[in-house]
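# Overview (structure and organization)
Listed below are the residues making up each chain.
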Amino acid sequence: MQRVGWIRMGALGDLLVGLASLREVIDRWPGAKVSVIGPKLWLEILEPGFWPEIDRVVVIERKKPAALVYKLTNNVESRDSATHGQRWTVVSSGDWTLRKEMGAGYDVIFNTRVDSPREAFPAFWARVPERWGAAKCFERFIYTHRGTHYGKDPLLHERDVPLLLQDEITETNFCSKYSTLTTRIENSPRIAKWRQLGLPSPRDVSKVGPGGTILLVNPTSSRREKAWPSQKFYELIKSLKASPDFRDVDVKVLGSPAETDWLNEVARGEVPTVQPANIGELFRTVAQASLLVTNTSSVQFIAASVATPVVTLMGRARPEIWGPLGPKDLIVRGSEPPDVDSLFEREQKAYESIAVETVNDAVTRQLHAIRK
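Below, the structure is looked at part by part. (Residues numbered from 1 in each chain as written. Predicted model: local features only at pLDDT ≥ 70, side-chain atom pairs only at ≥ 80, totals over all residues. Heavy atoms only, no water.)

## Some words on helix H2 (residues 19-28)
This is how the line gets drawn: Under the scheme applied here, a residue whose accessible area is under 20% of the maximum for its type counts as buried, over 50% as exposed, and between as partly exposed, the area being computed with a 1.4 Å probe on protein chains only. Here a strand is any run of E in DSSP of at least two residues, a helix any run of H or I of at least four, and the numbering for each starts at the N terminus.
Extensive coverage of H2 is indicated by the burial of eight of its 10 residues. Listed as buried for H2 are Leu-19, Ala-20, Ser-21, Leu-22, Arg-23, Glu-24, Val-25 and Ile-26.

## So, the side chain of Ser-21
Using the following cut-off: Here a polar contact means two N or O atoms within 3.5 Å. Within protein one must be a hydrogen donor candidate and the other an acceptor candidate, and residues neighboring in sequence count only if both atoms are side-chain atoms. For this analysis, residues touch if any pair of their heavy atoms sits within 4.5 Å.
As for its position among the elements, Ser-21 is in helix H2. Polar contacts involving the side chain of Ser-21 include one to the side chain of Trp-6, which spans 3.1 Å. Sequence-distant contacts of Ser-21, that is, excluding residues within four places in its chain, are made with Trp-6, Phe-110, Thr-112, Pro-162, Leu-163 and Gln-166.

## Thoughts on the sheet that holds strand E10 (residues 249-254)
Here is the rule: We call two strands paired when DSSP finds no fewer than two bridges between them.
The parallel open sheet is built from six strands, whose spatial order is E11-E10-E9-E12-E13-E14. Only two strands of the sheet have a single neighbouring strand rather than two, namely strand E11 (273-274) and strand E14 (330-333). Note: strand E9 (residues 213-218) against E10, five bridges, orientation parallel. If you follow Leu-215 over to E10, its bridge partner there is Val-251.

## Let's talk about helix H11 (residues 279-287)
One full turn of an α-helix is made of 3.6 residues, so residues set three or four places apart face in the same direction. Judged by how many residues are buried, H11 sits mostly within the fold: seven of nine residues are covered. What H11 keeps buried is the set Ile-279, Gly-280, Leu-282, Phe-283, Thr-285, Val-286 and Ala-287. The distance from a side-chain oxygen at the start of H11 to the backbone nitrogen of Gly-280 is 3.2 Å, and the residue carrying that oxygen is Asn-278.

## Quick word on a negative patch on the surface
Note the threshold: Patch criteria: residues need more than 30% relative accessible area and no salt bridge. Like-charged residues are merged within 9 Å; nonpolar side chains of Val, Leu, Ile, Met, Phe, Trp and Tyr are merged within 5 Å. Only the protein chains shown count as cover for residues, with accessible areas throughout obtained via the Shrake-Rupley method and a probe of 1.4 Å. Salt bridge, as used here: a side-chain nitrogen of Lys or Arg that lies within 4 Å of a carboxyl oxygen of Asp or Glu. Here Asp and Glu are counted as negative and Lys and Arg as positive; His is not counted, and neither are the chain ends. The location of each charge is read from NZ of Lys, CZ of Arg, CG of Asp or CD of Glu.
Residues Asp-339, Asp-341, Glu-345 and Glu-352 make up a contiguous surface patch of negative charge. With respect to the element layout, Asp-339 can be found in the loop between E14 and helix H14 (343-352). The exposed category is assigned to Asp-339, whose relative accessible area is 67%.

Following this line, the structure appears as structure tokens:
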């Protein structure tokens, strides 16, 4: 049986948008056992046993040479459908390295990073037979199967970058030009497929909620400057609740347990707040919603994986790279001021330029589309 290692690094949003590539890699090597290699956050994203092809998560952190290997084991304490009777259990020793891991029986390594070969070098030194990835001309020896899309240009969504890599990859060792890259993007069957599907779900979630229409409003972000102002979110909720279209809609304000003050600025005791305790609970909460309104955040990608429609508010971020991924999701963009040097201030002003009425119209259009 083949062993395939799939590498994906980054924060929550980076990992979530890679799920389409992970699904494609699993399908490309049917019958293989797959190891997901990346940060510890993968243990929370991937429900044990939901994708049975994945039996290992190899945890590596930036600037740390050691690796921890987690394997699926039978969970004697719980055999309900929510855990599939399995859990992630650490099995590696303290001196385990990524190079040792890749030398322990891997047949294929697929590196999704197109801006750095760092995680691919251990596979090269371990002489893994097939090494897939993108590299500059002088780094081409790292891979046996090398793609030509290296870096951040042209504009391509972070979900679609590794999909293009799998489409275009060849066993050539010469330096290719990018002149036909736009054509390859337009003709990519994998990119076309996932532009219709959004993202696969890494967890067993149900779309059956408590009944009725649920609107989740996620007003938070990693920084205040990267979010629509709380006052405007409050005004949006008031205007929606005053509309006849929303009389039967259950509006809830969504955020993490650490964002209570921020959520209360928006809810003001007039609508309930929802604060999932972990990523699994967050997936279930978003799956049961009828519609999500959010800033540019990882929550929009969770929505894409559980088929919940989204209205995403975007400041200066490019939707071509970080926009929502549901085929019917809507984007409301702000206007970036040209005469401001600070990127944070430009982001903040771009969000502030979004009118409540514009968001209200987008949310109402999504509601009507849902009810058709």
